[in-house]
Amino acid sequence: MNNIWLILIATILVNNFVFSYFLGICPFLGVSGKASSAIGMGFAATFVMTMTAFVTWLINRYILIPYNLEFLETVSFILVIASLVQFVEMFLKKVIPSLYKALGIFLPLITTNCIVLGLALLGSMRNYNLLENVVFGFGAGIGFTLALTIMAGIREEIEFADVPEPLKGGGITLIIAGLLALAFMGFSGMLGGG
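Just so we're clear, the structure is a prediction, and the values are computed from it rather than from any experiment.

## A closer look at the pattern of salt bridges
So, point 1. Counted by the stated rule, this structure contains one salt bridge.
So, point 2. As a salt-bridge pair, Glu-165 and Lys-168 come within 3.5 Å of each other at their nearest N and O atoms.
So, point 3. Since its relative accessible area comes to 59%, Glu-165 is described here as exposed.
So, point 4. A relative accessible area of 46% means that Lys-168 is categorised as partly exposed.

Structure below.
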């Protein structure tokens, strides 16, 4: 049980996918303009990542490895991710249409988002058991949501700041992202390494 907590905390803070692996940068920069859309995208991505960790572990363990089909790992993982994202997209369109419209093109882009595929591939490389892999996926999603939410909060405040003209927009956003990555590096010694 201790190992589960270590995986969770490490994935959220120490090995945050956005700030440590630099995965998911496209939605990180694209959706983090408003806190409401950032949180919505974070929850949608967390659901997809958690379910991806669950389903890809089962496919890998019970189909790909026993039948020596490991070379199909990436293709099968992408099919799982695309199916899950389609489900989330239909759900949001029906239940929360305002969030569906706010996320726009970034919602279907979860399918091609490197953070979800990176999660599936890293989970398979680490030889986690099913529970550990699901916690890994959930922690990665929570870490992604945390990164999006922090960035959205800062960007909302930056709108009222006196930012030099050449840095407005993308320039200041990338500087803030770099500073956040440095701040998250401070967690690297938290669990006895990183």
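After that view, the rundown keeps rolling.
## With respect to empty space enclosed by the protein
So, point 1. Tallied over the entire structure, the rule returns one cavity of 30 Å³ or more.
So, point 2. One number sums up the size of the largest cavity: a volume of about 60 Å³.
So, point 3. Taken together, Thr-56, Trp-57, Asn-60, Arg-61, Phe-77, Ala-120, Gly-123, Ser-124, Asn-127, Tyr-128 and Asn-133 make up the full set of residues lining the largest cavity.
So, point 4. Contributing elements (two or more residues each) for the lining of the largest cavity: α3 (35–64) and α6 (114–125).

## Regarding the packing of aromatic side chains
So, point 1. Under the counting rule described, the total for this entry stands at eight aromatic pairs.
So, point 2. Summarising the aromatic geometry, the rings of Phe-19 and Phe-28 are spaced 5.6 Å apart at their centres and angled 90° between planes, so their arrangement reads as edge-to-face.
So, point 3. Classification of Phe-19 as buried rests on a relative accessible area of 4%.
So, point 4. Ring-pair connections join several aromatic residues into one group, and the members of that group are Phe-17, Tyr-21, Tyr-128 and Phe-136.

## Regarding the confidence of the model for the protein
So, point 1. Per-chain confidence: the protein averages 91 in pLDDT, with 98% of residues scoring 70 or above.
So, point 2. Mean pLDDT in the protein bottoms out at helix α5 (residues 97–103), which sits at 85, and peaks at helix α7 (residues 130–158), which reaches 96.

## Some points on the packing of α7 against helix α8 (residues 170–185)
So, point 1. Relative to each other, α7 and α8 sit at 135°, their axes nearing to 11 Å. With respect to α8, the element α7 is oriented oblique. The two elements α7 and α8 cross, and the hand of that crossing is right-handed. Between α7 and α8, the residues in contact are Leu-146, Ile-150, Met-151, Ile-154, Arg-155 and Ile-158 and Ile-172, Thr-173, Ile-176, Ala-177, Leu-180 and Phe-184, respectively.

## With respect to the side chain of Glu-132
So, point 1. With respect to the helices and strands, Glu-132 occurs in helix α7.
So, point 2. Despite its burial, Glu-132 pairs with no opposite charge, the nearest such side chain being Arg-61 at 8.4 Å.
So, point 3. For Glu-132, the contacting residues outside a window of four places in its chain are Asn-3, Ile-4 and Ile-7.

## Section: the side chain of Ser-37
So, point 1. As for its placement among the helices and strands, Ser-37 is situated in helix α3.
So, point 2. Here Val-31 takes part through its backbone oxygen, which lies 3.3 Å from a polar atom of the side chain of Ser-37.
So, point 3. With sequence-adjacent residues up to four places away left out, Ser-37 is seen in contact with Val-31, Leu-99, Ala-102 and Leu-103.

## Brief notes about the environment of Val-88
So, point 1. Of note, Val-88 is situated in helix α4 (residues 73–95).
So, point 2. Not counting residues up to four positions away in its chain, the partners in contact with Val-88 are Ala-44, Phe-47, Val-48 and Leu-107.

## Section: the environment of Thr-149
So, point 1. Residue position: Thr-149 is located in helix α7.
So, point 2. Remark: the alpha-carbon pair of Thr-149 and Lys-34, spanning 115 residues in sequence, is separated by 8.5 Å.
So, point 3. Engagement of the side chain of Thr-149 in a polar contact is seen with the backbone oxygen of Thr-145, the distance being 2.7 Å.

Cut-offs used in this document
- Residues numbered from 1 in each chain as written.
- Predicted model: local features only at pLDDT ≥ 70, side-chain atom pairs only at ≥ 80, totals over all residues.
- Heavy atoms only, no water.
- Salt bridge = Lys/Arg side-chain N within 4 Å of Asp/Glu carboxyl O.
- Buried < 20%, exposed > 50% of the residue type's maximum accessible area, 1.4 Å probe, protein only.
- 1 Å grid on protein atoms, 1.4 Å probe; cavity = no way out; pocket = protein on both sides within 12 Å on 5 of 7 lines; lining within 4 Å.
- Points joined across faces, edges and corners; volume = space filled by probe spheres on them.
- Helix = DSSP H or I, 4+ residues; strand = E, 2+ residues; numbered from the N terminus.
- Phe/Tyr/Trp six-rings, centres within 6.5 Å; stacked < 30°, edge-to-face > 60°.
- pLDDT = per-residue confidence, 0-100.
- Axes fitted to C-alpha atoms, helices over the stretch in contact; angles between N-to-C directions.
- Parallel < 35°, antiparallel > 145°, perpendicular 65-115°, else oblique.
- Left-handed = near helix turned anticlockwise from the far one by under 90°.
- Contact = heavy atoms within 4.5 Å.
- Lys, Arg positive; Asp, Glu negative; His and termini not counted.
- Polar contact = N/O pair within 3.5 Å; in protein donor to acceptor, adjacent residues only side chain to side chain.

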